[in-house]
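The lines below spell out each chain.
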There are 2 protein chains.
Amino acid sequence: MAEEKKVIRDTDDDARILARKLIAEANFGAIAVQEPDTGVPLVSRVAIATDPEGRPIFLASELSIHSKCLAKNNKCSVLLGEPGKGDPLAHPRITLICNAVIIERKSEERDRLRDPYLEQHPKAKLYIDFGDFQFYRLEIERANLNGGFGKAYALTAEDFAVNP
Amino acid sequence: MAEEKKVIRDTDDDARILARKLIAEANFGAIAVQEPDTGVPLVSRVAIATDPEGRPIFLASELSIHSKCLAKNNKCSVLLGEPGKGDPLAHPRITLICNAVIIERKSEERDRLRDPYLEQHPKAKLYIDFGDFQFYRLEIERANLNGGFGKAYALTAEDFAVNP
């Protein structure tokens, strides 16, 4: 436990603000899901957007591997925050530990998300209305924030609930 | 199964070449590991390099969350291939399903990897010799290759064993 204390800092408003910034600016991310038959943690790419309340969402085909895994176990995590130049480990990023919740295809909520999603991902107009595509909302349970070397934080759902 | 056939293409040399290219060009990736106490698939960033044989390796602190998870279960997957402009889902990427094998800190193999790693990650000279940093080799079991929309392939270890 003493070792944990050395590497995880106390969460402050700067950490909460950085966490929100990483979510707000994300255009894509890496989602980790559990492969049903093997238990293997599988990572793949998802296009990320935010709903009008600023909560992360993504659009995926139900034929995709991650959709099939999420249908069996919707517990997942998503890495957001892309490196620029230099050491990739020096750039801020966040791992959101979430439940991925399907937005019903024929629902007001789906219709409400369609235009904001297309504003963030205009090329998705090619497939957003395909019958196998659906939105997921990422309901955040906790998060591991890494602001760069030596700047690690463990955030709770409460850290995302109020504006810092 | 008929549905699987529709979405997974037969692996050909073009797919094998793309897979090698994504590994050779990777500077960083997203690793998914299993969190020991919860079973949650956790994704985080790793800096990626290749050994002189072209196999993927990474350097990590044993204090990092992914190192602690790998110490309990070294089965993992790594996403390589970064999007450029436009739709992030239109860009090629690969998920390598692997065993992450620690390279002993005081070994000839570790010494052999040090300079090639620093050539690919010069900024790592700041911490590569720290006592808590160690190399991992990613031993590939299979891979999910996505060459862009509708171009999905399932690769085996054999697809990486010979030059296409």
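Provided above is the structure to which this section pertains.
Undergrad: So what exactly am I meant to see when it comes to the overall build of chain A here?
TA: Counting its regular elements, chain A contains five helices and eight strands. At 16 Å, chain A has a C-alpha radius of gyration in line with the 15 Å of a compact globule built from 164 residues. Along the three orthogonal principal directions, the C-alpha set of chain A runs to about 50 × 35 × 35 Å. Out of the 164 residues belonging to chain A, those deemed buried represent 41%. Of the contacts formed within chain A by residues at least 6 apart in sequence, a portion of 63% connects residues at least 24 apart.

Undergrad: Help me understand the relation of the copies chain A and chain B, please; the structure alone is not making it clear to me.
TA: What relates the pair of chain copies is a rotation about an axis plus a shift along that axis. Once turned by 180° and shifted 0.0 Å along the axis, chain A lies on chain B with an RMSD of 0.0 Å. As the rotation angle and translation indicate, the two copies are arranged about a two-fold axis. A share of 100% of interface residues in chain A that are also interface residues in chain B marks the association as one of identical surfaces.

Undergrad: What's the story with the interface of chain A and chain B in this structure? I'm lost.
TA: At the junction of the two partners, chain A supplies 34 residues and chain B supplies 34 residues. Secondary-structure elements contributing two or more residues to the side of chain A that touches chain B are helix 1 (2-7), strand 2 (28-34), strand 3 (41-50), strand 5 (75-80) and strand 6 (93-103) of chain A. Per-element accounting of the side of chain A that touches chain B gives the leading share, six residues, to strand 3 of chain A. Tallied by class, the residues present in the side of chain A that touches chain B amount to 20 nonpolar, eight polar and six charged.

Undergrad: Mind showing me how you'd approach the environment of Arg-93 of chain A here?
TA: Along the chain, the position of Arg-93 of chain A falls in strand 6. Distance in space between the C-alpha atoms of Arg-93 of chain A and Ala-24 of chain A is 12 Å, their sequence separation being 69 residues. Leave out the neighbours within four places in its chain, and Arg-93 of chain A touches Leu-22, Leu-79, Leu-80, Gly-81 and Asn-146 of chain A together with Arg-45 of chain B.

Undergrad: Where do I start with the nonpolar core in this structure?
TA: Soluble globular proteins tend to bury their nonpolar side chains together. Judged by nonpolar contacts, the single largest core of 92 residues is most densely connected at Val-43 and Val-78 of chain A together with Val-43 and Val-78 of chain B. Non-local contacts of Val-78 of chain B, meaning those with residues more than four positions away in its chain, are made with Val-43 of chain A together with Gly-29, Ala-30, Ile-31, Leu-96, Cys-98 and Leu-138 of chain B.

Undergrad: I tried to follow the pairing of strand 2 of chain A on my own but got confused; where do I start?
TA: Sheet faces and side chains relate simply in a regular strand, where the side chains alternate between the two faces. Residue and element names in this part refer to chain A. In terms of burial, strand 2 is largely enclosed, as seven of its seven residues are buried. Across the two faces of strand 2 the burial is the same, with Phe-28, Ala-30, Ala-32 and Gln-34 and Gly-29, Ile-31 and Val-33 all buried. Here seven bridges tie strand 2 to strand 3, and the two strands are oriented antiparallel to one another. Bridge pairing links Gln-34 to Pro-41 in strand 3. As consecutive antiparallel partners, strand 2 and strand 3 are separated by six residues, and within that stretch Gly-39 has a phi angle of approximately 80°, a positive value. As paired strands, strand 2 and strand 5 are joined by three bridges and run antiparallel to one another. The residue of strand 5 that forms the bridge with Ala-30 is Leu-79.

Undergrad: Please explain the pairing of strand 4 (residues 56-61) of chain A as it appears in this structure.
TA: All names here are of chain A. Burial analysis of strand 4 places five of its six residues in the buried class, the great majority of the element. Across three bridges, strand 3 lies against strand 4 in antiparallel orientation. Across the sheet, the residue bridging to Thr-50 is Pro-56, located in strand 4. What sits between strand 3 and strand 4 in their antiparallel hairpin is a turn of five residues, with Gly-54 showing a positive phi close to 90°. One ladder, built from five bridges, connects strand 4 with strand 7 (residues 133-146); its direction is antiparallel. Looking at strand 7, one finds that Leu-59 is bridged to Phe-135.

Parameters at a glance
Residues numbered from 1 in each chain as written. Chains lettered and ligands numbered in written order. Predicted model: local features only at pLDDT ≥ 70, side-chain atom pairs only at ≥ 80, totals over all residues. Helix = DSSP H or I, 4+ residues; strand = E, 2+ residues; numbered from the N terminus. Rg over C-alpha atoms; globule rule 2.2 N^0.38 Å. Buried ≥ 20, exposed ≤ 12 C-beta atoms within 10 Å, placed from the backbone. Contact = placed C-beta atoms within 7 Å. Least-squares fit on C-alpha atoms with pLDDT ≥ 70 in both. Nonpolar A, V, L, I, M, F, W, Y, C, P; charged D, E, K, R; others polar. Core = buried A, V, L, I, M, F, W, Y, C linked by C-beta atoms within 7 Å. Pairing = 2+ DSSP bridges.

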